[in-house]
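Coordinate inspection notes
Here is how the chains run, residue by residue.
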8 protein chains.
Amino acid sequence: MKDDIRTILEGVRDGSINIEEAVLAIKEAPFTDIGFAKIDTHRSIRQGVAEIIYGEGKSAEQINGIIDAMQKKGQENIMITRLSEDKFAQIAKDRTITYHKDARIATTGEMPRPSGTGKIVIATGGTSDIPVAEEAAVTASFLGNEIIRLYDVGVSGIHRLFDRLDDIMSATVIIAVAGMEGALASVIGGLSDCPVIAVPTSVGYGASFEGMTALLSMLNSCASGVSVVNIDNGFGAGYVASLINHTKDPERITKA
Amino acid sequence: MKDDIRTILEGVRDGSINIEEAVLAIKEAPFTDIGFAKIDTHRSIRQGVAEIIYGEGKSAEQINGIIDAMQKKGQENIMITRLSEDKFAQIAKDRTITYHKDARIATTGEMPRPSGTGKIVIATGGTSDIPVAEEAAVTASFLGNEIIRLYDVGVSGIHRLFDRLDDIMSATVIIAVAGMEGALASVIGGLSDCPVIAVPTSVGYGASFEGMTALLSMLNSCASGVSVVNIDNGFGAGYVASLINHTKDPERITKA
Amino acid sequence: MKDDIRTILEGVRDGSINIEEAVLAIKEAPFTDIGFAKIDTHRSIRQGVAEIIYGEGKSAEQINGIIDAMQKKGQENIMITRLSEDKFAQIAKDRTITYHKDARIATTGEMPRPSGTGKIVIATGGTSDIPVAEEAAVTASFLGNEIIRLYDVGVSGIHRLFDRLDDIMSATVIIAVAGMEGALASVIGGLSDCPVIAVPTSVGYGASFEGMTALLSMLNSCASGVSVVNIDNGFGAGYVASLINHTKDPERITKA
Amino acid sequence: MKDDIRTILEGVRDGSINIEEAVLAIKEAPFTDIGFAKIDTHRSIRQGVAEIIYGEGKSAEQINGIIDAMQKKGQENIMITRLSEDKFAQIAKDRTITYHKDARIATTGEMPRPSGTGKIVIATGGTSDIPVAEEAAVTASFLGNEIIRLYDVGVSGIHRLFDRLDDIMSATVIIAVAGMEGALASVIGGLSDCPVIAVPTSVGYGASFEGMTALLSMLNSCASGVSVVNIDNGFGAGYVASLINHTKDPERITKA
Amino acid sequence: MKDDIRTILEGVRDGSINIEEAVLAIKEAPFTDIGFAKIDTHRSIRQGVAEIIYGEGKSAEQINGIIDAMQKKGQENIMITRLSEDKFAQIAKDRTITYHKDARIATTGEMPRPSGTGKIVIATGGTSDIPVAEEAAVTASFLGNEIIRLYDVGVSGIHRLFDRLDDIMSATVIIAVAGMEGALASVIGGLSDCPVIAVPTSVGYGASFEGMTALLSMLNSCASGVSVVNIDNGFGAGYVASLINHTKDPERITKA
Amino acid sequence: MKDDIRTILEGVRDGSINIEEAVLAIKEAPFTDIGFAKIDTHRSIRQGVAEIIYGEGKSAEQINGIIDAMQKKGQENIMITRLSEDKFAQIAKDRTITYHKDARIATTGEMPRPSGTGKIVIATGGTSDIPVAEEAAVTASFLGNEIIRLYDVGVSGIHRLFDRLDDIMSATVIIAVAGMEGALASVIGGLSDCPVIAVPTSVGYGASFEGMTALLSMLNSCASGVSVVNIDNGFGAGYVASLINHTKDPERITKA
Amino acid sequence: MKDDIRTILEGVRDGSINIEEAVLAIKEAPFTDIGFAKIDTHRSIRQGVAEIIYGEGKSAEQINGIIDAMQKKGQENIMITRLSEDKFAQIAKDRTITYHKDARIATTGEMPRPSGTGKIVIATGGTSDIPVAEEAAVTASFLGNEIIRLYDVGVSGIHRLFDRLDDIMSATVIIAVAGMEGALASVIGGLSDCPVIAVPTSVGYGASFEGMTALLSMLNSCASGVSVVNIDNGFGAGYVASLINHTKDPERITKA
Amino acid sequence: MKDDIRTILEGVRDGSINIEEAVLAIKEAPFTDIGFAKIDTHRSIRQGVAEIIYGEGKSAEQINGIIDAMQKKGQENIMITRLSEDKFAQIAKDRTITYHKDARIATTGEMPRPSGTGKIVIATGGTSDIPVAEEAAVTASFLGNEIIRLYDVGVSGIHRLFDRLDDIMSATVIIAVAGMEGALASVIGGLSDCPVIAVPTSVGYGASFEGMTALLSMLNSCASGVSVVNIDNGFGAGYVASLINHTKDPERITKA
């Protein structure tokens, strides 16, 4: 921004810009300058690229309204998370939109081609963890990542995990999704040498306390390289994994 | 009991037992009959065989007194648990007694020869879990079991565990000792086909909550065959494992 | 396996096996060798013997599909746990299958004859704990164990427990099922001299915290020989008890 | 109160009371009327009878000062709770005072003769619970009750409890003191037909959570007639038990 | 029993009773003797007097069956707790039975005349606590106690409590029922000089944690004389209060 | 801000400001503009008026350094909170400074004269709560408030609270400091009609959980007008109370 | 009141009031005098001004009855909180009453004109927090306050908060409403210099524990000047804020 | 592996390898094949590059022994974490080793030159969080990363954070270290567009529960891109951040 302001100031000094015009130009600058606009640009995933709507607690009408507004601005790639099948049915009446049932996510436009450094491996302990894993998988796909799914490889059938050791060893980042005791994150953390995002799920009963046990277990992982997101937060894991998988790319996910 | 009472009654009829004596004998019969004596015999590990003293919160003087009383009754094999090195030094002044430093256990007499069905494998996640594992190991040894130690085989160095797969596969019962996230119990439970006694330890920091996380994790193990004892309860694990390893022997540990 | 590999190698040396055949034979060996196949064989209870399906969260269609596949492979004895009466009705339309209503378990084939060391005693504190106890009882029966039921013998009617003291004294392993304060496990642990598997139940209200109080209580039992499984985990308790009751039998439950 | 006010008003009318005095008198009337004085009289245990000082967090000097002040007012029977041996030594220098070491209580004057309806039985699960039990015992003795001690009768040695069944059956009120899983309260509640005051203690380790497990267990007792006080609150239990044991006596403990 | 046994023994000595008859007579004695029968007699509230059925989790059919069996044995006074209005309607079809709607209790027979030492005061913090208070009130009435109700006298309208100070001062035992922060128990404990049974209720929201906050608050009451029962346990409070109110009566509630 | 920028631009146009200076000035403008300077001015309590140092975890040397720096800038009124007596002794060697022992606060300069709307009443449940209350009292005094202390007026001696009803009724804001069950806040909230700041203290034992019970209790107060600060946070309560007591004064505490 | 009593007394002295009349007048006075009536007057918001009914758990019939009674006494301004739309529909049949849908509050009469010192700013982290914020807003409006709404200004879109910095800087008191991690309260507390009332909401999932995380977070705010009310307690926050905003006004909210 | 086995088999056929050697080689092949050697190579950070020793719970002698062994193998770069100053003094007697006092880390050899993608920014809420931040900083430096420190930029002094917005905007990965309410992670997450690793610290008191509040707060961050490690786990955060900062480099940290 310095250069922009310098240019304006030079215009003022030279008389090519009058003071009123300069005041106006600079008045709009602060937020751009201190990064707010930049933040906004980054955070909302630039117009024409990708937008994310959190569907929980919004009515089909509200979501329709938001999509309409976005599409009017030219946005083609929109993702709606935590969207029930019922609401999707209402939304899908008048538009072209795809529903990812397990993930409870709807997307418009085409999924982007993978643009990240490498591959994101998503592993689950059991079959009940798959919806959370799929939320992560669809999120990361939507943000331009190649996904490898290793489902139902929990420690009670640990040989299935070892059958896929090559995938684990070659991942850029791994998302480990597990409920109950959440041991999968530690086992994968002990085998791999890339960042592992652990996602506790609310799968289990009794002393699983709706995911709390898996969460605590993952936070105490004796394997280095493991960090944790909230219970059932597949979206968050997919988002972080995408950020990591786009680390070197200076434009990161905004280019997705 | 019927026969005992019949004998008493016959004595009363014959005049060889007076009524006051008979009243007393019969009043005490119910407890004898319903098995308390039997319980007592079983539970205290018959005189001349083995006695266990919980050392925590007892002074060296108190412990000395108990040992003296037991030895007077002919008891040779005595085990004192949770005994600090300081107290042991005071107790060891005037008697022959062995201190198992890591286990914080003292024993008198010779360790019995193993009498169980098979072997008890004791595994730990890390080196900090060894004191709890040793409490289990010395307890089980004292109760007549052969022990195999697999220490520091936690999931962050999971290949060390696989190096000892033969031991795990051939165990009669396994004690899995681990702090932090306690994933070791699940991994061993997923590999073995014998009962696994999981012992959470207070090893860890932060959200390990002094063993609570490992405890909850172990209770939620997705591997079948795992049951759990209290945090740091190496003695309890060794005791249960010994009971299991003596299952077929009708006299069980009382013969140890 | 060493012998198998040795035979192959001898064949290679002798020229009776060509190298391509040997590579193929050995390539399949590793998992067998290091125990994974052995694990799999043990864990899934060998084909033709017994299979267990966790019914929770699976649709009737999915369960039907799994049963069909198993039966095609010749599996006669299949157990489905946590199965609602509704789903059972759908499954039972086209096949011969038995529903154990209290236990919420369905089984195909005939229950095996008991093959364990002794008897498994299953006790409950109250009548509300019976469903969890039945899950344990049917599981253990299905795995080849003789069961003795002592229901509604909680400490508020402790004389009923004493009426059955002989059963308690003669058990090979006892499963103590109780909600509320879970004192039953301690009382039974104080009377018996065999392993006690404690199962906390979610029976209770207020500060029972859906089984948490019973769970904590059981973990802190002052009676030795008690280990604990997850809240309401009747299946787990029946499974562990069966493992213990088959301790001496080298083939264990796989022969059931 | 009406009469008092009428008297004041008549004084005003007669001129024998001036208005300022009357305003003050009437302003203070409500409190007098609604019984605070009466409360005060009851609560503080009438002068000349008994006074209780909570010693925790008070210095020896402070306690000495309070005792001096009380004794000046003619108070002979003073009890100081939660008093360390060190502080007692300082206090005992210049006065006649008795230290109840296990209870950590000091008392002046003679213990009153029992004045209650019957006997208070105080039972403990183990030897480590004795200090809390003694706090209850000395408190109740000081308040005029006959005490029967049943120590170390926990469920791991349940036959010792049955040996004392007569005491339990004949108690007016029972205080059950136990740590770990606190099952003693339920067992005693299941055997007796009088009020049981349960006192959880902080005895235990790991998942005993410094008395929380025993507390929750006791609150969920399946035996009717059990109510609970705070962890380690021997004083509170002794105080409640004394109130119950003096129920019929209209003057209750204030006469003690 | 001593005398009974003595008589039998004298018969045996005299020859008036043969040994077989004596064995049979004595064989049945033990439980009577050691108090189990006595317990049973006491606990179940002697036949012809009063019986209590816990209705939760029992079907109308089951309850009907139990009532029929009791009435056949001549039992007129039966109380069923935690009984929904629906189930009551089914039960009331074919018999004379009264429903106490707020208390969710049904009773048969006439309520007994009060037989206790004095009066039981039952106070609530708010109107939402009344169902729990009524469970206590009907229970205590059924067990032969005079009840005084002080409802909606919580600390946010503390003057209403002071209006009823006379009732509080003259109670034999007080039941304080409150949710939210449960301060009512402490305020009443600070005003009264009789035992206070505190009943936390699940009334509240947010950080009231369904009664946990009130429970903890009551356990920490700075007022002496307060003991606590489980959350929403009106029955337990009424039962304990009745025991206390019958303290001096040697036959206690069994005579009610 | 517009005017400032206009001035700068005019300077640029006129040549009185060079472009580099202008760039810098404008770059810094946003923060100035959006109020950070204003914030800073308000928050740090303007130089020459009052400064607060959090003493916990800072060495005497570090604190001395900070005081020196402040005093060099002309600051006379400095308050250091959570300061141990030892550290104070070191700090007091070379300067004039006052130690408020109970509050563990040191202050330099003279306490300001009260400048608030009315009076702040600070009440405690017991004597052990006084240190926290004093932290609040000294903080509020230092910020220019008149304080009335009502110590040891907890609900177990509730008449002492009523003796001071006039103070409670006339307060502008009340700070209620209590541990154990924290009922004081509700009682005061029920009596007063001004904002009540509740401060839970860690006073208590057992199920007081170091202030958690008092905290939860206060958050659930059934009396309106109560808000809560962290456990033992006397400083925070004094600070909030001072803000409230200076509400109308547009310059608020910054003028103190 | 002193003056009232004085007047009566003067009347008595003068003979203009006879003693019976004076007794009656004074008999009603005590509560007024000692503040109870004053409390009552203050608390219930004087007749003719404002009344608040807590709608939760009351039927439409009950609420209608209370409103009728109040209106008969001349009360025009009545507010019913926590009122479902269904119940409102029933209540609205026969009377003029306004429903504030988001706030779930109904009000009769006209909203009063703002009478406070300044403005109350109400900010929310997200759109899901709005119902709680509206409960606060309608409550405070009903009590005579001017409200500024800053909704959806949470830290994930922190620039939206900075856009409204002027509102924050000029508030008399701020209510910060947020779920999830509740960081909004700290950020606002760090920017403002007036009292901040933090309201945690139950918005979130997983480890948000229905508002517990936001609650704890707000209690630990590193910004001074923040106090906290119960989870989702918008009414409480609005009430406290109104008290603060009327601080200087000696009659406070009673004049609203 | 095929080729290896083929080679062995050819050796057997040719007679250049005897059968015993071949059995051993093939028996070990599975582990080699499935990657354990590869894992081992990656995980231990290749010899000659870097080794990490967890110092907690190891004696100075033990650590010295490990260092000696490593250095004999040619390892120059060794890092010892959680090392007290005392133990360091003992270790430093006979070798060249550097102590990073705040981080409580010792390192041998020279710190590597940064080899990552970009810069790691480490921010703390307060000064008390610095030790944890330094543990992260030294760890990451030791693993070849460039570090930018932004200390004491918590939300109570949020303008200091905005002064460093450029650093935040240009980071490759940010570590946010904060205790108390942990809001810093959310604020930074709301401003930045790279992965944020949140580290809760045990800084705080009362309801901070030794870091639990900050932990929960961070897990619920409303800002995307935030993942969390255990309380005070600076090492873990530095390790994960280094993995992320080396994402594109196929050899990753093993080359460091």
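For clarity, every value in this text was computed on a predicted model and none was experimentally measured.

**Quick look at the sheet that holds strand β2 (residues 78-81) of chain A**
All names here are of chain A. With mixed pairing, four strands are arranged side by side in an open sheet as β1-β2-β4-β3. The open sheet has two edge strands, β1 (51-54) and β3 (98-100), and neither has a second partner. Along the sheet, successive strands turn relative to each other by an average axial angle of 20 degrees, direction set aside.

**Some details on the sheet that holds strand β3 (residues 98-100) of chain H**
Two orientations exist for strands paired in a sheet by backbone hydrogen bonds: parallel and antiparallel. Residue and element names in this part refer to chain H. The sheet built from four strands is open, its strands ordered β1-β2-β4-β3 with mixed pairing. Edge positions in the sheet fall to β1 (51-54) and β3, since each has one partner strand and no second. Averaged over neighbouring strand pairs, the angle between their axes works out to 20 degrees when direction is ignored. Along the sheet, helix α4 (residues 60-72) contacts β1 and β2 (78-81); its crossing angle with β2, the most-contacted strand, is approximately 165 degrees.

**Things to note about the pattern of salt bridges**
All names here are of chain H. Going through the model one piece at a time under the given rule, you end up with 46 salt bridges over all chains. With a shortest N-O distance of 3.0 Å, R82 and E135 are connected by a salt bridge. Residue R82 is found in the loop between β2 and α5 (85-91), and its partner E135 is found in helix α6 (residues 130-142); the two are separated by 53 residues along the sequence. Here the two residues R82 and E135 agree in accessibility, since each one is buried.

**Focus: the packing of aromatic side chains**
Summed over the entire model, instances satisfying the criterion amount to 16 aromatic pairs over all chains. Between F235(D) and Y239(D), the ring centres sit 5.8 Å apart and the planes meet at 45 degrees, which makes this aromatic pair tilted. Placement of the pair is F235(D) and Y239(D) together in helix α11 (residues 234-245), with a separation of four residues, close to one helical turn. As far as the burial class goes, F235(D) and Y239(D) line up, both buried. Residues F88(E) and Y99(E) carry aromatic rings whose centres are separated by 4.5 Å and whose planes lie at 20 degrees to one another, so their mutual orientation is stacked. Pair noted here: F88(E) is in helix α6 (residues 85-91) and Y99(E) is in strand β3 (residues 98-100), with a separation of eleven residues, a long-range link. You'll find F88(E) and Y99(E) in the same group, each marked buried. Here the basic side chain of R82(D) rests over the ring of Y205(F), its NZ or CZ set 4.4 Å away from the ring centre.

Conventions adopted
Residues numbered from 1 in each chain as written. Chains lettered and ligands numbered in written order. Predicted model: local features only at pLDDT ≥ 70, side-chain atom pairs only at ≥ 80, totals over all residues. Heavy atoms only, no water. Pairing = 2+ DSSP bridges. Helix = DSSP H or I, 4+ residues; strand = E, 2+ residues; numbered from the N terminus. Axes fitted to C-alpha atoms, helices over the stretch in contact; angles between N-to-C directions. Contact = heavy atoms within 4.5 Å. Salt bridge = Lys/Arg side-chain N within 4 Å of Asp/Glu carboxyl O. Buried < 20%, exposed > 50% of the residue type's maximum accessible area, 1.4 Å probe, protein only. Phe/Tyr/Trp six-rings, centres within 6.5 Å; stacked < 30°, edge-to-face > 60°. Lys NZ or Arg CZ within 6 Å of the ring centre and 35° of its normal.

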